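# Reading the structure
These are the residues of each chain, in order.
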Amino acid sequence: MTDAATGPAIDAVSDWQRLACDSVLLDGFHALKHAVRFGARIPVAVTTDRRKTLDLAAALAPDVRDTLDALLTEVPATTYTSLVPRPHPTAVAALAVRPSREANLEALARTPRTAPVVVLDNPRNLGNAGAVIRLAAGFGVTGVVMTGTLDPWHPTVVRAGAGLHFATAVERLAVAELPSGPVFALDPEGDDIRALKIPDDAVLAFGSERSGLSPDLRARGDHLVSLPMRPQVSSYNLATSVAMTLYHWSVTGGRAF
Ligand SMILES: C[S@@+](CC[C@H](N)C(=O)[O-])C[C@H]1O[C@@H](n2cnc3c(N)ncnc32)[C@H](O)[C@@H]1O
């Protein structure tokens, strides 16, 4: 495409500018693909090369190719780079509507629950938060709740989550507002997880990278649970702890895919 935006590209840019501050940025082909698969509402999507993007979809994700064909507007490379904070190697970006807090709270409160809720207690690292949302989507968990000040919909978290925020209910809540269900609080001092079955309605709580579980979350916990770890190692990374715990849930009776 030439350097000047014309016709549909001008319309896409004006939609983008109108919607950007209230929308979720889907950064790159894979984030857009996941968001489409999990039913996100996407009012505008751009690429610098429609043919190349649709060929990529045909090769990697044929299930979304026709939807992308209808959604994508080709824009000049200079326009694309002016719309996104950090250009992505696939030169694809889109804006999605963030699910309402009410809808997420309803999903988190729904019983009987068929898969756990993951709670990150005051997480600090945006990349960890995104990796946990990706894990939660992969294991089909009910939702990911974060306490504290980190915004679970921060663009860096969405980027690390690969567009999978739309596959689970992602919300920030106070400890006092956590969904019902037995709370399994993960801590290296707890009882060995290998002796336990994690029920589908469990609330699985993980501490902050800096200081572990807060006193409030410890007080709310029904079980303090540890992951196997050799002496002299202090702790695992937060996201890897969530991965091991969800894997344990999946092999002790969790949902089969
Ligand atoms: C990086 S660790 C926190 C380390 C922190 N310095 C502390 O004092 O606990 C982040 C969280 O991962 C989980 N975690 C890490 N290693 C674990 C283990 N061996 N058993 C259970 N949970 C673990 C806990 O929930 C922990 O709060």
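Rules used in this analysis
- Residues numbered from 1 in each chain as written.
- Predicted model: local features only at pLDDT ≥ 70, side-chain atom pairs only at ≥ 80, totals over all residues.
- Helix = DSSP H or I, 4+ residues; strand = E, 2+ residues; numbered from the N terminus.
- Buried ≥ 20, exposed ≤ 12 C-beta atoms within 10 Å, placed from the backbone.
- Pairing = 2+ DSSP bridges.
- Right-handed = clockwise from strand over helix to strand, strands pointing away.
- Contact = placed C-beta atoms within 7 Å.
- Domains from an automatic or database assignment.
- Nonpolar A, V, L, I, M, F, W, Y, C, P; charged D, E, K, R; others polar.
- Near = placed C-beta within 6 Å.
- UniProt positions renumbered as here; feature names shortened; annotations may be inferred.

### Let's talk about unusual backbone geometry
- Residue Pro112 is reached from Thr111 by a cis peptide bond, and omega for that bond is -5 degrees.
- In this structure, Pro112 sits in the loop between helix 6 (101-109) and strand 5 (117-120).
- Of note, the phi angle at Ala91 is positive, near 50 degrees, even though the residue is not glycine.
- Along the chain, Ala91 falls in the loop between helix 5 (77-83) and strand 4 (92-97).
- Located in the positive-phi region is Asn122, a residue other than glycine, with phi close to 55 degrees.
- Within the element layout of this structure, Asn122 appears in the loop between strand 5 and helix 7 (126-139).

### Description of the pairing of strand 6 (residues 143-146)
- Along strand 6, one buried face is formed by Gly143 and Val145 and the opposite face, lined by Val144 and Met146, is buried too.
- As judged from the four bridges shared by strand 5 and strand 6, these two strands associate in the parallel manner. From the neighbouring strand, Val118 faces strand 6, where its bridge partner is Val144.
- Read as a crossover between parallel neighbours, the route from strand 5 over helix 7 to strand 6 is right-handed.
- Where strand 6 and strand 7 (residues 169-172) come together, four bridges link them in parallel fashion. When the sheet's bridge partners are listed, Val144 is paired in strand 7 with Val170.

### Observations concerning the environment of Ile133
- Structurally, Ile133 is set in helix 7.
- Between the alpha carbons of Ile133 and Phe184 there is a distance of 18 Å; along the sequence they are 51 residues apart.
- Those residues in contact with Ile133 that lie beyond four places of it in its chain are Val144, Gly161, Leu164, His165, Thr168 and Val170.

### Considerations on the domain arrangement of the protein chain
- By domain assignment, the protein chain separates into domain 1 (7-97) and domain 2 (101-251).
- The gap between the C-alpha centroids of domain 1 and domain 2 is 30 Å.
- Taken together, the contacts link 13 residues of domain 1 with 10 residues of domain 2.
- Of all the elements in the fold, those that place two or more residues in the side of domain 1 that touches domain 2 are strand 1 (23-27) and helix 2 (29-37).
- At six residues, the largest contribution of residues to the side of domain 1 that touches domain 2 is made by helix 2.
- Here the residues of the side of domain 1 that touches domain 2 are counted per class, giving eight nonpolar, three polar and two charged.

### Concerning the site of the ligand
- Lining the immediate surroundings of the ligand are 17 residues, of which Leu186, Gly207, Gly212, Ser235 and Ser241 lie closest.
- Counting residues per element, the ones that place at least two in the shell around the ligand are strand 8 (183-192) and helix 10 (238-251).
- Looking at which element gives the most residues to the shell around the ligand, the answer is strand 8, with three residues.

### A look at the UniProt feature "domain: tRNA/rRNA methyltransferase SpoU type" (unreviewed entry) in the protein chain
- If you check UniProt for "domain: tRNA/rRNA methyltransferase SpoU type" (unreviewed entry), the listed places come out as residues 117-247 in our numbering.
- Between the first and last C-alpha atoms of residues 117-247 the distance is 14 Å; the span itself is 27% helix and 23% strand.

### A short note on the pairing of strand 2 (residues 44-47)
- Burial along strand 2 is two-sided: Val44 and Val46 facing one way and Ala45 and Thr47 facing the other are all buried.
- Where strand 2 meets strand 4, four bridges bridge the pair, whose relative direction is antiparallel. The partner of Ala45 across the bridge, within strand 4, is Ala94.
- Of the pairings in the sheet, the one linking strand 2 to strand 3 (residues 72-74) comprises three bridges and is parallel in character. From the neighbouring strand, Ala45 faces strand 3, where its bridge partner is Leu72.

### A look at the environment of Val251
- If you trace the backbone, Val251 turns up in helix 10.
- Judged by the 10 C-beta atoms lying within 10 Å of it, Val251 falls in the exposed class.
- In sequence terms Val251 and Ala129 are 122 residues apart; their C-alpha atoms lie 24 Å from each other.

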